[in-house]
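Fold and contact review
What follows is each chain in one-letter form.
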Amino acid sequence: MKTAEARDTSGQLEQAIEGLRQKFLRELDERIFAFEDAMAQIRNGSNTQHALRHIHAMAHKQAGIAPSLGFAQIGEISRDLEGKIEKTLSDPDCAEKHQAWHKSLELLLDEMEQQLPDLA
Amino acid sequence: MKILVVDDDPLFLELAASLLNSLGYNRLHFAKSADDALSQIEQAATPFDCFLLDIQMPGMDGIELCACIRDIETYRHTPIVMLTAMTEKHYVDGAFQAGASDYITKPIERIEVKARMRNVEALLAERSHTGLVSQQLKNAEIDFGKSVRFEDPVLLHDAAWVLPFSSLENYVLRLGNMRLFNTVAYGFHIENAHEIHARASGLEFIDMLTDVSRAIRDALSAFPSFLSYAGYGDFCALVPKLAHFDRSFAQLQINDALQLTADMSGEQSWPVPKVKLGAAQSCKLLSFKDPTDMLYGAIKKARRGGEREFEGFTRWQMGVSDENR
């Protein structure tokens, strides 16, 4: 049986995680914009490697936090994207690998957009 | 417990704070980069008791930071827990080599953080116990012999290359099927450990274990490996399966090194440790067995007879005298 103190701690944690979840949602449009901005740099051919590394870093961070806040799907696709970019960075001339991460990023952006508070 | 959490994601730091608070850890400090962490470490009025370090960070990464922290005398034995994603297992090996004590996988869950923090507390308690024992010896010069129990998987403070056994267990539990399949465990049993424990003081017993760990480390130096002490005079090492490892030669090398150490250290009241190296213990692909069974299986093999049951003998078993060596 849970003690009153344990219930209290558990309630405080749930409250704190809910607060972080809301914060994640509030920042979601900024995250989407950052991914799209990096994509635009790649399309323009300006500083491609840097932009690709930036997408990798953002995907890595998101994969580490999203599932803990209840966004398992965003976490999973972010992890997939991170892995695909790693493969591309180690073999930058492979068109198939570029296509793979492109597809993964599109999927991620779709999933993030679905979670946007005003579109949900 | 004063804890420093280092991660470049502010949202993750907030999450870590909430989880640690819910587990009763309130003396929390946060850094967003390795440089920030080193600066806080330098300026800390009281030292930190534990570090949680993210591995992938821009600039200096968590592995380099771990090595930097270990270089600071105050933090030679402070628990360092790495924070890493499942896909970053290859980084974990580097982190252990740099002196990490354990790791937590991202995304973090309360139950896992709780388990790893318990491990941290056990390490701190062990460290405090060993420190107390050393101090008592210095102060009173008395024989405190049995303060180190034979069965304890004691921490070897002068052997940074030896991981706590609980960390080695955690490591194999998280390896994943393919990497587990490509790894084997070797057990090293000190045949006369019980006799040495009975005749030596606690600190002398730890010194003996440190010498043995050094000899094992040197014998394994050609391969990336992890070594841990399990108590009862048993060590366990993880080695890549494809490493061409000559057990017969390794056992000989280890026992020769220990004999040499004994010769150089002059008179000692306990016998030279005799180490038996067991056959490799592997884990089958897609096995449903507990991966930690591999560690215990390796130790059992070493206890059952080590190299004797395969290649026959070593110099110490033949009783080769100094002049013949």
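Residues numbered from 1 in each chain as written. Chains lettered and ligands numbered in written order. Predicted model: local features only at pLDDT ≥ 70, side-chain atom pairs only at ≥ 80, totals over all residues. Heavy atoms only, no water.

The name given to chain B in an unreviewed UniProt entry is Response regulator receiver domain-containing protein, with the source organism recorded as Lutimaribacter saemankumensis.

Looking at an unreviewed UniProt entry, chain A carries the name Hpt domain-containing protein, with the source organism given as Lutimaribacter saemankumensis.

Description of empty space enclosed by the protein
Residue and element names in this part refer to chain B. Heads up, the rule is: A 1.4 Å probe that fits into a set of points on a 1 Å grid over the protein atoms alone but cannot get out defines a cavity; an open set with protein on both sides within 12 Å along at least five of seven lines defines a pocket, and lining residues are those with an atom within 4 Å of a point. Grid points are joined across faces, edges and corners, and a volume is the space filled by probe spheres set on the points. Residue type decides the class: Asp, Glu, Lys and Arg count as charged, Ala, Val, Leu, Ile, Met, Phe, Trp, Tyr, Cys and Pro as nonpolar, and the leftover types, Gly among them, as polar. Where each domain starts and ends comes from a domain assignment, either automatic or drawn from a database.
Counted by the stated rule, this structure contains 2 cavities of 30 Å³ or more. Lining of the largest cavity is provided by 17 residues; of these, Arg70, His77, Ser101, Val162 and Pro164 occupy positions nearest its centre. Residue classes in the lining of the largest cavity are distributed as 10 nonpolar, 5 polar and 2 charged. When residues are assigned to domains, the lining of the largest cavity turns out to be shared by domain 1 (1-140) and domain 2 (143-325), each giving three or more. A per-class count over the lining of the second largest cavity returns 8 nonpolar, no polar and no charged.

Re the environment of Glu191 of chain B
Just so we agree on the cut-off: Every helix listed is a DSSP run of H or I at least four residues long, and every strand listed is a run of E at least two residues long, numbered separately from the N terminus.
Structurally, the position occupied by Glu191 of chain B is in the loop between strand E7 (183-190) and helix H8 (193-199). With 111 residues separating them along the chain, Glu191 of chain B and Ala302 of chain B place their C-alpha atoms 9.3 Å apart.

So, the sheet that holds E7 of chain B
All names here are of chain B. Basically, it comes down to this: In this description, strands pair whenever DSSP reports at least two bridges between them. By definition in these notes, contact holds between two residues if any of their heavy atoms fall within 4.5 Å. Between N-to-C directions, angles span 0 to 180 degrees; the directions come from axes that are lines fitted to C-alpha atoms, helices contributing only their stretch in contact.
The sheet built from 5 strands is open, its strands ordered E6-E8-E9-E7-E10 with mixed pairing. The sheet is open, and its two edges are formed by strand E6 (162-163) and strand E10 (275-277), each paired on a single side. In this sheet, E10 lies alongside E7 in antiparallel orientation, the contact comprising 3 bridges. Residue pairing in the sheet places Ile190 in a bridge with Val275 of E10. Helix H9 (residues 202-219) contacts E6, E7, strand E8 (226-231), strand E9 (234-240) and E10 of the sheet and is inclined by roughly 150° relative to E8.

Overview of the pattern of salt bridges
This is how the line gets drawn: Any Lys or Arg side-chain nitrogen located within 4 Å of an Asp or Glu carboxyl oxygen qualifies as a salt bridge. A 1.4 Å probe rolled over the protein chains alone gives each residue an accessible area, and that area as a share of the maximum for its type sets the label: buried under 20%, exposed over 50%, partly exposed in between.
In this structure the tally under the stated criterion is 15 salt bridges over all chains. The salt bridge partner of Asp91 of chain A is Lys97 of chain A, with a shortest N-O separation of 3.2 Å. Take Asp91 of chain A: its relative accessible area is 30%, and that puts it in the partly exposed class. On the basis of relative accessibility, which here comes to 27%, the residue Lys97 of chain A falls in the partly exposed class. Of the charged contacts, one joins Asp102 of chain B and Arg116 of chain B as a salt bridge, the two residues approaching to 2.9 Å between their closest N and O atoms.

What about the UniProt feature "modified residue: 4-aspartylphosphate" (unreviewed entry) in chain B?
All names here are of chain B. Here is the rule: UniProt positions are given in the numbering used here, feature names are shortened, and annotations may be inferred rather than shown by experiment.
Per the UniProt record, the feature "modified residue: 4-aspartylphosphate" (unreviewed entry) sits at Asp54. You can see Asp54 is positioned in strand E3 (residues 50-54). Residue classification places Asp54 among the buried positions, given a relative accessible area of 1%. Apart from the residues lying within four places of it in its own chain, the contact partners of Asp54 are Val6, Asp7, Asp8, Gly62, Leu83 and Lys106.

Some remarks on the interface of chain A and chain B
By a frequent convention, interface size equals the accessible area lost on bringing the separate parts together. Using the following cut-off: By definition, the buried area sums, over both parts, the 1.4 Å-probe accessible area that each loses when the two are put together.
The interface is formed by 20 residues belonging to chain A together with 17 residues belonging to chain B. In this assembly, chain A packs against chain B so that about 1600 Å² is buried in total across both faces, 65% of it on carbon and sulfur atoms. Our count for the chain A to chain B interface comes out at 2 salt bridges. Where Lys61 of chain A meets Asp8 of chain B, a salt bridge forms, and the shortest distance between an N and an O atom there is 3.7 Å. With 7 residues, the top contributor of residues to the side of chain A that touches chain B is helix H1 (residues 4-26) of chain A. Class assignment of the residues belonging to the side of chain A that touches chain B gives a composition of 9 nonpolar, 5 polar and 6 charged.

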